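The primary structure of each chain is shown beneath.
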Amino acid sequence: MGPVPKIAGQEELTREAIRERVAVLRSQRIEKMPYLDKAFIRAAVGEKNVVERESFVSSGPKSLEDMIQRAIQSYLPARVAHEKMELAHRRILVALRNLLPTAQVEVNRQNGVLSGSGYNRRNTILHFSQPIFHGGILWNTILKHKAALKQAARDSDKTVADLVRDVSQAYFEYQRALMAVAERKQLLDDTAKQVEISKKKWDAQLISEIENLNVESVRGQMESDYESAKQDLALARLELQKFLDLDLSENLQIKTLYDIGDFLNPTAQAKPEEKDSGKNPAKAARKAVHKTPAIADMKLPAVEELVDAAYRDRPELQSAAAGLRAAKLEEKIQWGNFLPEVDFIVDYGRNGEAFNDVSNHPVLKTQYKIGVEFKWNVAGNKTEYTFSNEQTPPSVSTFQGGSGSQTTGNSAKFGLLDGLDVFVNIKDAEVQKLEQVVALDDAEKEVVKSVKEAFYEYQKASIQLRSGIQRLNYRDRLLKLSLHRLGKNEIEISEYLQAQQDFITQKIELHKTLADYFTAKAKLNRAVGRQDFMPVERIFAS
């Protein structure tokens, strides 16, 4: 049978449920934070947000990739970085527009009384201006905004890369906390029978008081550890949810990355090159007991090669370099204010005006103005010069005679120390350039430091993981030995419970080591500047 089509009433019911959910969330938000603007709350809590949130939560266990995609969509700093890129695009468009001619149309219609007689006037004129030379300011402004766009893009990449690292760390910590709670709960269930047997033996006076107190002490420690594990889980859940824009009450499920039992089966995970092909199966089995699972170590390049890769791929360095280029161009722009500015101007139109007793619709006659405007800041003194050739139609007083005027003009204006702000702007641009040099130097040092730290942290995590697996197998053998000796009454129940406690503690320590191992991979990817440099969630060699 095919899928059952939705009924219109069902869709309307769903939409109504969504609207009710939005209303509840908004009211809760207003109640918790009454000082927020209601318009902001309506924008932040909308139907689209609720639908996306419900869809994410109800889609089953999530992988790390699912978490990262959700975080990128809902992370406000990532949205801010994207908007900065949009702003840079618009600034480039404005700068390009400033290179092109500008035109303005002016239309006038006038009626009134002049010298006791009514008159009318009609006037339409086109104002046109074309920059000829602006000391390189216009072109350098375009280049500066392009550099700013590149800087904004790299800042966006950095924001996303930091988010991926932080979400990965929170994800692995949440996985560890989940595993720890499950292990502690399983331990309490597994030891309940032995504790009950110990109580019966104490009631029957078959064990000493010291033994009874030891059992109670171990059991109390298990319960205390379980409560601590639940607290850690709540905190880890809170840390992860802050990146996902989810309510604390919403159920969050994640996919399990590994089974701790795999680490207790060395034969299955032995390194292929160390396996015995079958000439002596018993010898191969004895050797396999001492093998460690083949942890998925990709052979890392030397740390110097990783640093070189980071120089190519880290967005911080590219952002700082783009910022330095923008600062240098800003300095050029400010120095360009000392060069002359030349604009070509044209005004062309039609004008007609007359007394009403002469004509209510005077003939429109041509008027124009062609000229060149010249501006120059000479050592802080603003100088202006304009050459123009202008023709004007007859005014209302000369309309009957039909005479107009034609003039060629030269005008100049000189200021006294009215352009000293340019010196301040130049110095400000020089300071900003030096600050960008410092920022680039700091970014370079931070990149080198982070790569080396991540490299050695990964090496340390790999060693600790192998060591942790060996210790877990050791504790597993001790636990089996304790169970065997308990069955023969060679040890007391408290000793067996302690062995179980030590085994579970080692398992939880291995969970932490695995979380550190995954996190070290994520940090190394971030340090190198490539999210796919190492497979973060992979443990065993293929």
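In this convention, every chain numbers its residues from 1, walking through the sequence in written order. Thresholds applied to this predicted model are a pLDDT of at least 70 for local features of residues and 80 or more for the giving and counting of side-chain atom pairs; totals over whole chains, interfaces and linings are not thresholded and use all residues. Water and hydrogen atoms play no part in the side-chain values, which are based on all heavy atoms of the structure.

1. Considerations on the sheet that holds strand S5 (residues 381-392)
Step number 1: Strand pairing is defined by DSSP finding a minimum of two bridges between the two strands. Going along the chain from the N terminus, every DSSP run of H or I of four or more residues is numbered as a helix, and every run of E of two or more is numbered as a strand. Strand order in the open sheet formed by 6 strands is S1-S2-S3-S4-S5-S6, and the pairing between neighbours is antiparallel. Where the open sheet ends on each side, the last strands, each with one partner, are strand S1 (102-114) and strand S6 (405-414). Between one strand and the next, the sheet's axes are offset by a mean angle of 15 degrees, whatever the strand orientation.
Step number 2: Note that S1 and strand S2 (residues 117-133) share 13 bridges and pair antiparallel. Of the residues in S2, the one forming a bridge with Ala103 is Phe128. Note on geometry: axes are C-alpha line fits, over the in-contact stretch for helices, and angles between N-to-C directions span 0 to 180 degrees.

2. Comments concerning unusual backbone geometry
Step number 1: Positive phi is not limited to glycine here, since Ala379 has a value of about 55 degrees.
Step number 2: Along the polypeptide, Ala379 turns up in the loop between strand S4 (365-378) and S5.
Step number 3: Exposure remark for Ala379: the relative accessible area of 52% places this residue in the exposed category.
Step number 4: Here Asn489, not a glycine, exhibits a phi torsion of approximately 60 degrees, which is positive.
Step number 5: Among the secondary structure elements, Asn489 is positioned in the loop between helix H11 (421-487) and helix H12 (493-528).
Step number 6: A residue is classified by how much of its surface remains accessible, and Asn489, at 64% relative accessible area, is exposed. Residue burial is assigned from relative accessible area. The probe radius is 1.4 Å, only protein chains are included, and a residue is buried under 20% of its type maximum, exposed over 50%, and partly exposed in between.

3. Section: the packing of helix H6 (residues 137-203) against helix H7 (residues 209-241)
Step number 1: Taken N-terminus to C-terminus, the directions of H6 and H7 make an angle of 160 degrees; their axes are 8 Å apart at the nearest point. It follows from the interaxial angle that H6 and H7 lie roughly antiparallel. When the axes of H6 and H7 are compared, the crossing they make is left-handed.
Step number 2: The residue makeup of the contact of H6 with H7, split by class, is 20 nonpolar, 3 polar and 12 charged. With respect to orientation, any angle under 35 degrees is reported as roughly parallel, any angle over 145 as roughly antiparallel, any angle of 65 to 115 as roughly perpendicular, and every other angle as oblique. Two helices cross in a left-handed way if the nearer one is turned anticlockwise from the farther one by less than a right angle. They cross in a right-handed way if the turn is clockwise. Each residue receives one of three labels: charged for Asp, Glu, Lys and Arg, nonpolar for Ala, Val, Leu, Ile, Met, Phe, Trp, Tyr, Cys and Pro, and polar for the others, Gly being one of them.

4. Side note on the nonpolar core
Step number 1: Among the nonpolar cores identified, the biggest contains 78 residues, and Met67 and Leu524 are the most heavily contacted of them.
Step number 2: Those elements giving two or more residues to this core turn out to be helix H4 (64-74), H6, H7, helix H9 (303-313), helix H10 (315-336), H11 and H12.
Step number 3: Take this core: its biggest share by element is 17 residues, from H12.
Step number 4: Only heavy atoms enter the contact rule, under which two residues are in contact if any of them lie within 4.5 Å. The contacts of Met67, once residues within four sequence positions are left out, are Phe56, Lys62, Val167, Tyr171, Leu240, Leu244, Leu252, Gln253 and Ile254. To qualify as a nonpolar core, a set must consist of buried Ala, Val, Leu, Ile, Met, Phe, Trp, Tyr and Cys residues joined through side-chain atoms within 4.5 Å.

5. Examining H11
Step number 1: The first and last C-alpha atoms of H11 sit 93 Å apart over 67 residues, in line with the 99 Å expected at 1.5 Å per residue.
Step number 2: Positive backbone phi, at 60 degrees, marks Asn489, one or two positions downstream of H11. Expected span, for any helix, means 1.5 Å times one less than how many residues it has.

6. Comments concerning a positive patch on the surface
Step number 1: Candidates for patches are residues over 30% relative accessible area with no salt bridge; among them, like charges are joined within 9 Å and nonpolar side chains (Val, Leu, Ile, Met, Phe, Trp, Tyr) within 5 Å. Accessible surface area values rest on a Shrake-Rupley calculation with a 1.4 Å probe, where residue burial reflects the displayed protein chains alone. The salt bridge criterion pairs a side-chain nitrogen of Lys or Arg with a carboxyl oxygen of Asp or Glu, the two atoms within 4 Å. When charges are counted, Lys and Arg contribute as positive and Asp and Glu as negative, whereas His and the chain ends are disregarded. Where a charge lies is defined by one atom per residue type: Lys uses NZ, Arg uses CZ, Asp uses CG and Glu uses CD. Where like charges cluster on the molecular surface, the positive patch consists of Lys150, Arg325, Lys328 and Lys332.
Step number 2: The leading source of residues in the positive patch is H10, at 3 residues.
Step number 3: Along the chain, Lys332 turns up in helix H10.

7. Observations regarding the environment of Leu497
Step number 1: Inspection of the secondary structure assignment puts Leu497 in helix H12.
Step number 2: For the pair Leu497 and Ser482, spaced 15 residues apart in the sequence, the C-alpha separation amounts to 9.1 Å.
Step number 3: Not counting residues up to four positions away in its chain, the partners in contact with Leu497 are Thr191, Gln194, Val195, Val215, Val218 and Met222.

8. Brief notes about the pairing of S6
Step number 1: Burial analysis of S6 places just 0 of its 10 residues in the buried class, a small minority of the element.
Step number 2: Here S5 pairs with S6 via 10 bridges, running antiparallel. Within the sheet, the bridge partner assigned to Ser388 lies in S6 and is Gly409.

9. Some details on the packing of aromatic side chains
Step number 1: In this scheme Phe, Tyr and Trp rings, the latter by its six-membered ring, pair at centre separations within 6.5 Å, and the angle between planes marks the pair as stacked below 30 degrees, edge-to-face above 60, and tilted otherwise. This model, assessed by the stated rule, comprises 11 aromatic pairs.
Step number 2: Ring centres of Tyr75 and Phe243 lie 6.4 Å apart, and the angle between their planes is 50 degrees; on these two criteria the pair is classed as tilted. Note that Tyr75 is positioned in the loop between H4 and helix H5 (76-99) and Phe243 in the loop between H7 and helix H8 (281-288), a separation of 168 residues in sequence.
Step number 3: Residue classification places Phe243 among the buried positions, given a relative accessible area of 7%.
Step number 4: With a centroid separation of 6.2 Å and 70 degrees between ring planes, the pair formed by Tyr258 and Phe263 is classed as edge-to-face.
Step number 5: Relative accessible area serves as the criterion here: at 0%, Phe263 is assigned to the buried category.
Step number 6: Here the aromatic cluster, defined as three or more aromatic residues joined through ring pairs, consists of Tyr171, Phe172, Tyr258, Phe263, Tyr458, Tyr517 and Phe518.
Step number 7: Across from the ring centre of Phe56, 4.9 Å away, lies the NZ or CZ of Lys62, which sits over that ring.
Step number 8: Sitting over a ring, as applied to charges here, requires NZ of Lys or CZ of Arg to be within 6 Å of the ring centre and within 35 degrees of the ring normal. It is Arg70 that lies over the ring of Phe56; its NZ or CZ is 5.7 Å from the centre.

10. A word on the packing of H7 against H12
Step number 1: Close contact between H7 and H12 brings their axes to 8 Å; oriented N to C, the two are set at 20 degrees. As the angle between them shows, H7 and H12 are arranged roughly parallel. Both H7 and H12 take part in a crossing whose hand is left-handed. Here Glu211, Asn214, Val215, Val218, Gln221, Met222 and Asp225 of H7 lie close against H12, whose contacting residues are Ile493, Ser494, Leu497, Gln498 and Gln501.

11. Thoughts on a nonpolar patch on the surface
Step number 1: A cluster of nonpolar residues, Leu416, Leu417, Leu420 and Phe423, forms a patch on the protein surface that exposes about 420 Å² of accessible area.
Step number 2: The residue Leu417 is located in the loop between S6 and H11 in this model.

12. Some words on the side chain of Asp347
Step number 1: Looking at the element boundaries, Asp347 is found in strand S3 (residues 341-355).
Step number 2: One buried charge, Asp347, has no salt-bridge partner; the nearest side chain with opposite charge is Lys369, at 5.2 Å.
Step number 3: Among the polar contacts made by the side chain of Asp347, one reaches the side chain of His127 at a distance of 3.1 Å.
Step number 4: What Asp347 contacts, discounting residues up to four positions off in sequence, is Ile125, Leu126, His127, Phe128, Gln367, Tyr368 and Lys369. N or O atoms closer than or at 3.5 Å make up a polar contact, with two conditions inside protein: a donor-capable atom paired with an acceptor-capable one, and, for residues adjacent in sequence, both atoms drawn from side chains.

13. Topic: the pairing of S1
Within a regular strand, side chains alternate between the sheet's two faces.
Step number 1: Here S1 lies mainly on the outside; 1 of its 13 residues are buried.
Step number 2: Where S1 folds back on S2, the antiparallel hairpin that results is connected by 2 residues, among which Ser115 adopts a positive phi of roughly 55 degrees.

Shape is all these values report; function is a separate question.
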